[in-house]
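# Analysis of the macromolecular model
Chain by chain, the residues:
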Amino acid sequence: EAQVTQNPRYLITVTGKKLTVTCSQNMNHEYMSWYRQDPGLGLRQIYYSMNVEVTDKGDVPEGYKVSRKEKRNFPLILESPSPNQTSLYFCASSLTATDTQYFGPGTRLTVL
Amino acid sequence: DAKTTQPPSMDCAEGRAANLPCNHSTISGNEYVYWYRQIHSQGPQYIIHGLKNNETNEMASLIITEDRKSSTLILPHATLRDTAVYYCIVRATGGTSYGKLTFGQGTILTVHP
């Protein structure tokens, strides 16, 4: 089944403890992206990747890192999480940047 | 990307057609109209998109006015499972932000028994 998967789905952590949220797609998509969703602010793009080894900042990149070492995976890294990064995170992918994007199920992160 | 305006909420009776409007009066020639929905806090689900012609798929129909300044998403026979937030998004096909989807507040559609 064609899908975007994220792990973990739920995570509670403490300030400063490094964490990684994984994202994987099995559709051979070139374009991948991370969004965060907060009440009243909608979904905002954090980082995106046009292809392997090509990443760029979205609208709210501060406090986040990404890597794209292989086409199927696009992990989101929080080196030193803070409470303001408590949010619902979605990974998305598309064949190219101009094609329809498909979203993962989401990761709910709480930073205490 | 052009800005979109949607009503904050709408109701629909189960089995009836749900018509969700969207205004995008500043849309430009290379911008597509996309519709997504989000059920509770699940990942946004793609529904349909179009440039200027009307489109139909197994989920819905998209009617775009001739001047392209507004559109309507039609769910022909709404069910309780169609209760969700529906987002109308205008998206460029080129430029520096052409990969990004800009989600507004959307329309909360509630389907009643």
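Here is a short report on the structure shown in this document. (Residues numbered from 1 in each chain as written. Chains lettered and ligands numbered in written order. Predicted model: local features only at pLDDT ≥ 70, side-chain atom pairs only at ≥ 80, totals over all residues. Heavy atoms only, no water.)

Turning to the packing of aromatic side chains, a few remarks are in order. Under the counting rule described, the total for this entry stands at 13 aromatic pairs over all chains. Seen from the ring of B:Tyr34, B:Arg91 lies directly overhead, with NZ or CZ sitting 5.4 Å from the centre. (Phe/Tyr/Trp six-rings, centres within 6.5 Å; stacked < 30°, edge-to-face > 60°. Lys NZ or Arg CZ within 6 Å of the ring centre and 35° of its normal.)

Here we take up the interface of chain A and chain B. Each side of the interface is counted separately: chain A has 23 residues, and chain B has 19 residues. Surface buried jointly by chain A and chain B totals about 1500 Å² across both partners, of which 50% is contributed by carbon and sulfur atoms. If you look at where chain A meets chain B, you find 7 residue pairs in polar contact (both at pLDDT 80 or more). Going through the elements one at a time, β4 (31–38), β5 (42–51), β9 (87–94) and β10 (102–103) of chain A are the ones with two or more residues in the side of chain A that touches chain B. (Contact = heavy atoms within 4.5 Å. Buried area = accessible area lost by both parts, 1.4 Å probe. Polar contact = N/O pair within 3.5 Å; in protein donor to acceptor, adjacent residues only side chain to side chain. Helix = DSSP H or I, 4+ residues; strand = E, 2+ residues; numbered from the N terminus.)

Attention shifts here to the layout of surface pockets. Its volume calculated, the largest pocket comes out at about 360 Å³. As for the largest pocket, its lining consists of 19 residues, and the residues nearest its centre are A:Tyr102, A:Phe103, B:Gly43, B:Pro44 and B:Gln45. Sorting the residues of the lining of the largest pocket by element identifies β1 (4–7) and β10 of chain A together with β3 (31–38) and β4 (45–50) of chain B as the ones contributing at least two each. Looking at side-chain class alone, the lining of the largest pocket contains 9 nonpolar, 8 polar and 2 charged residues. Estimated volume of the second largest pocket: approximately 280 Å³. Around the second largest pocket, the lining comprises 19 residues; the ones closest to its centre are A:Gln37, A:Asp38, A:Pro39, A:Gly40 and B:Gln38. Those elements that place two or more of their residues in the lining of the second largest pocket are β4, β9 and β11 (107–111) of chain A together with β8 (84–92) of chain B. (1 Å grid on protein atoms, 1.4 Å probe; cavity = no way out; pocket = protein on both sides within 12 Å on 5 of 7 lines; lining within 4 Å. Points joined across faces, edges and corners; volume = space filled by probe spheres on them. Nonpolar A, V, L, I, M, F, W, Y, C, P; charged D, E, K, R; others polar.)

Time to look at the sheet that holds strand β2 (residues 18–23) of chain B. Residue and element names in this part refer to chain B. Pairing is antiparallel in the open sheet, where 4 strands are placed in the order β2-β7-β6-β5. With partners counted over all chains shown, the strands left at the sheet margins are β2 and β5 (55–56), one partner each. Across 4 bridges, the pairing between strand β6 (residues 61–64) and strand β7 (residues 70–75) is antiparallel. Residue pairing in the sheet places Ile63 in a bridge with Thr72 of β7. (Pairing = 2+ DSSP bridges.)

Counting residues in each nonpolar core, the largest one holds 21 residues, and the members touching the most others are B:Trp35, B:Leu73, B:Tyr86 and B:Leu109. By residue number, the principal contributor to this core is β8(B), which donates 4 residues. In this structure, B:Leu109 is in contact with B:Met10, B:Asp11, B:Cys12, B:Ala18, B:Leu20, B:Leu75, B:Asp82, B:Thr83, B:Ala84 and B:Tyr86, ignoring residues within four places of it in sequence. Counting 19 residues, the second-largest nonpolar core is a separate cluster that includes A:Val21, A:Val60, A:Val66 and A:Phe74. (Core = buried A, V, L, I, M, F, W, Y, C linked by side-chain atoms within 4.5 Å. Buried < 20%, exposed > 50% of the residue type's maximum accessible area, 1.4 Å probe, protein only.)

A separate point is unusual backbone geometry. A:Pro8 follows A:Asn7 through a cis peptide bond whose omega is -5°. The phi angle at A:Asn28 is positive, at roughly 60°, despite the residue not being glycine. Tracing the backbone shows A:Asn28 in the loop between β3 (19–25) and β4. When its relative accessible area of 53% is taken as the criterion, A:Asn28 is described as exposed. We note that B:His40 has phi near 50°; this positive angle belongs to a residue other than glycine. Secondary-structure assignment places B:His40 in the loop between β3 and β4.

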